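This is what each chain is made of:
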Amino acid sequence: MRPKLLLVLTLMFSGICFSQEFQITGRVIDATTKEPMEASTVYAESIKDSTMVSYTISDQKGIFVLDLKSSDKAVNLFITYNGYQPVKKIIQLDKQHIALGEIPLNLLAEELEGVSVVGERVPITVKKDTLEFNADSFKTRPDANVEDVLKKLPGVEIDTDGKITVNGKEVNKVLVNGQVFFSSDPKVATKSLPKEIIDKIQISDSKTKTQEFTGDDGDGETKTINLTIKKDKNKGYLGRLAAGYGTDERYQVNGLLNYFNDKERVSFIASSNNINNAGFSFDEIYDMVGNTRGGYSFANDNGLINNYGRGITTSSTVGASYANAEKDAYELSANYFFAYSDSYNDQKTARENILPEGSFFTNSESRFEGSTNSNRGAASLEFDIDETLRISIEPILNVNRTNSLDTSETTSTNNEGELTNSNTKQTIDDGLQRSFTNRIDVYKKLDTVGKFFRLSFSNYNFKNDAETNFQSNREIFGDDPSEESVNQMTFTDNKTDTYEFEAAYRQPLGNKFFLDFEYQLNNNNYENESSVYDFNEATADYDSFNDVLSTDYKFNEIQQQPSFGIRRDGEKWRWRVNGEYVFTNLENQDYLQEGSFTKDYKNLMFNASSSYKFSQNKRLRVNYRSNLRVPSVGQLQPVPNINNPLNIIQGNPDLNLATTHSLNLNYNNYNFREHTGLFVYGGGEIEDDKVVSVTTTDENLLRTTTFTNISGNYNAYLGFGYSKQIKKDSTFNAKINFHPNLNYNNDVSFNNGTKLISKRFSVTPRISTTLNFREMFEIEPGYSITFNNTQYNTNAFEDVKFVSHRASLRTTTYWPENIVWGNDISYTYNGNVSSDFNKDVLFWNMSLGVQLLKKKATVKVLAYDLLNQNNNTSRSTGADYIQDYQSTVLTQYFMLSFSFKFDKFGGKKPQGNRRFYRM
């Protein structure tokens, strides 16, 4: 065995073998009032190099239990609380249990030398509803990014796609110094910023602009992470470049440049690839793998890149953004993007259509090609006129040009395998879409105890001009054969204008209770002028106007919502109850068809929520919400849609509004002593008057579809997550996650005039683990199994039972030095796929990189789908069908890439090394 390897193994095992377990206990109190101090931070550091050994926080009684494993003979122990003088004690590790008794903390009456230095090393601080972590307290590789340190934080999970959750709640925003970092996609910051420039990581509930202005708590449904930059890194620039080229002419090029000067930031970003990456990937191990994994999906999420949900896409994007802020004056950000994309897809579909009297089968093959040319500009402007008045403006402008060609061939056979009908069609579409969205909010505080007033106005203006050529040929076989051909040009001019006005007022009723009054007016106008011209063989032109399929109508929806609510904002218990009376008016004026109608609805709706904080790290939330769902224009408009000649669709103007009632609860608890986290969630939804399709199939297997309302649809879900973090000095770190959940759905629909009820039940236990040895080797295995069971209310449909498996394994090694080897393996087994398709797929991506130029550059070879098993086959089921699907998919390729990062930071350095300790 080579000496270097032997030395490494010796150090690893010696660190594990000679570490001993100790427990330090005590009680933190206020030195003056003798009251217990909940959420005091207690942590131990190594005396020789100030490395953090362990940490915890005190409970409601001020009691703390600090468990640590160390081979040292003594450690430095710190007890801190925001606004109080920290206490330092040297603890001799001469016995397993060390009881310190009461530890009083004194108020920080004035700024004392060194106190801020101690504060900079506190691993975790609880500030009201914000958890603040010191990035330097969590050991990572020297070249680690923000994502690497987030994985070390308690309660934080990051999946293989880069999605971040905190105690089961998704992180939807990552801010840098309180501002959006280039885009709303959290991964832009977490994968690009180096850990070395980060000072604090602050995690809190996401808030609306109103909640930010009033100081209200967020609803707890999502989380926000704010990254603060170190004082000596607050000026400079950060850049990332990556380029790769591989077999089958696969390529990807990315670039990112950020310059920041305190609150001011200028950013540029660019990307081009033909591997279905809808964003900007700089993951130095797993990037360029041919999907959005590791990429930043901002371009795709905002419609700049459109792969139409299928096939292989080639895309290019370039953008720039600017952000600046001045405390108590203004905060602004703006960005502009240009993007081009084109995609293609070949698809095969085999579908069994289930009827009460039997089944028939539909098989189709299609080819699609499409391109998108997009421009997007957006801004967020916020001005504080004075301490009580704030104005916020958020405009967004989009201009998109789309072109597409879609061809397909479809055949239908009966239960005996006899050909019943067939159809070939071709659609060529050329469209121009323009939209403008803006929102203006004015906030005014009327006193210091919570009284405020808000006025809001928003608009959404959309225009679509399109030319579509539609050609089809439908044949019916059997005893009464027939053939029908369609060749049409459609000129579409659609407009949507939505305007919304809101006024809100809050009246305090004391220290904890408030009354909320609100009025909301929504005015939605839809204009659809669609002129259809049939091909005239006599003139060889599209000049025969089709007044049956053409439309020229105006649809107006006006909704008024006066509401009244009462809320209690206590330190531990918060709740609110709100009632609103919704007046809805729908009016349709059709200038071509006899489809004009006017409808009025009145609905009383209620919303309520409650949260109780048992301690700083333990909370229960319960929410109830009722919503109205207005049918779409297509569901209401009684005009035939023949885009699929085998299934003619026509709306129903007599539809009612659908009403949903949803209830959900969430319980979170993190034990800092044992480093265990638990979250439990559950809920359900009942929908009355749900809009469902009603399809009738005739003897030629031709279908006609309309819509109706039906009640009886509901669903329920329940799950929990448990995590455990295990740490032995800096040698070994492990995190275990167990996350089972179950779902139940009761779906009511119609099948050929017969009421059909399907009951679907699924259970999915999931477990994953992250193991890390000395930041040299990391392994992340995961496994989930899903049990599915669907039952029907009629013997005409067979019950469906199947099991699916998914396993994953990700390994990363950083040894030998400057060598990075990554493996990303996933295995999927779908027990519901027919025997004609592969039930299981083993997908393996591998990369081997060499870090150069002091780890600023990486040369890497990447293998995508190493085993060449990707086939993109799947099965989907509905209430009355089973469908197998196969389409164009990105297949095996190998790519050589080069990435380079360049950073230069400067600014005001921290003040000396003065320290203040109380012995």
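The structure presented is a predicted model; accordingly, all values stated were derived computationally and were not measured. (Residues numbered from 1 in each chain as written. Predicted model: local features only at pLDDT ≥ 70, side-chain atom pairs only at ≥ 80, totals over all residues. Heavy atoms only, no water.)

Caption draft 1: A look at the side chain of R390. The topology assignment puts R390 in strand β22 (residues 389-393). When its relative accessible area of 15% is taken as the criterion, R390 is described as buried. Within the structure, R390 has its side chain in polar contact with the side chain of D384 (distance 2.7 Å). Look past the residues within four positions of R390 in its chain and what remains in contact with it is F213, E382, F383, D384, D441, V442 and Y443. (Helix = DSSP H or I, 4+ residues; strand = E, 2+ residues; numbered from the N terminus. Buried < 20%, exposed > 50% of the residue type's maximum accessible area, 1.4 Å probe, protein only. Polar contact = N/O pair within 3.5 Å; in protein donor to acceptor, adjacent residues only side chain to side chain. Contact = heavy atoms within 4.5 Å.)

Caption draft 2: Highlighting a negative patch on the surface. On the surface, a cluster of negative charge is made up of E326, D328, D386 and E387. Relative to the assigned elements, E387 resides in the loop between β21 (358-386) and β22. You can call E387 exposed: its relative accessible area is 76%. (Patch = residues over 30% accessible without salt bridge, like charges linked within 9 Å, V, L, I, M, F, W, Y side chains within 5 Å. Areas by Shrake-Rupley, 256 points an atom, 1.4 Å probe, with all protein chains shown as cover. Salt bridge = Lys/Arg side-chain N within 4 Å of Asp/Glu carboxyl O. Lys, Arg positive; Asp, Glu negative; His and termini not counted. Charge placed at Lys NZ, Arg CZ, Asp CG, Glu CD.)

Caption draft 3: Structural view of the pairing of strand β28 (residues 541-545). Examined bridge by bridge, strand β27 (residues 513-536) and β28 share four bridges and lie antiparallel to one another. Directly across from F535, in β28, lies its bridge partner Y542. From the end of β27 to the start of β28, which pair antiparallel, there are four residues, and A540 there has a positive phi angle of about 55 degrees. (Pairing = 2+ DSSP bridges.)

Caption draft 4: Just the sheet that holds strand β37 (residues 703-710), in detail. Judged by pairing direction, the sheet is mixed, and its three strands sit side by side in the order β33-β37-β36 without closing on themselves. For this open sheet the edge positions go to β33 (647-649) and β36 (690-697), each flanked by a neighbour on one side alone. Taking the axes of each pair of neighbouring strands and ignoring which way they run, one obtains an average angle of 35 degrees across the sheet. Note: β33 against β37, three bridges, orientation parallel. Each residue of the ladder has a partner; that of N647, found in β37, is R703. (Axes fitted to C-alpha atoms, helices over the stretch in contact; angles between N-to-C directions.)

Caption draft 5: Local environment of the packing of aromatic side chains. Following the criterion strictly, the structure yields 27 aromatic pairs and no others. With a centroid separation of 5.3 Å and 50 degrees between ring planes, the pair formed by F517 and F564 is classed as tilted. Of the two residues, F517 sits in strand β27 while F564 sits in strand β29 (residues 551-569), which places them 47 residues apart along the sequence. With centroids separated by 6.2 Å and ring planes inclined at 20 degrees, the aromatic side chains of F679 and Y681 adopt a geometry described as stacked. Assigned by exposure class, F679 and Y681 land together as buried. Connected via pairs of aromatic rings, a cluster forms that spans Y55, F133 and F138. Stacked on the ring of F213, the Lys or Arg K445 has its end atom at 5.1 Å from the ring centre. It is R506 that lies over the ring of F514; its NZ or CZ is 5.9 Å from the centre. (Phe/Tyr/Trp six-rings, centres within 6.5 Å; stacked < 30°, edge-to-face > 60°. Lys NZ or Arg CZ within 6 Å of the ring centre and 35° of its normal.)

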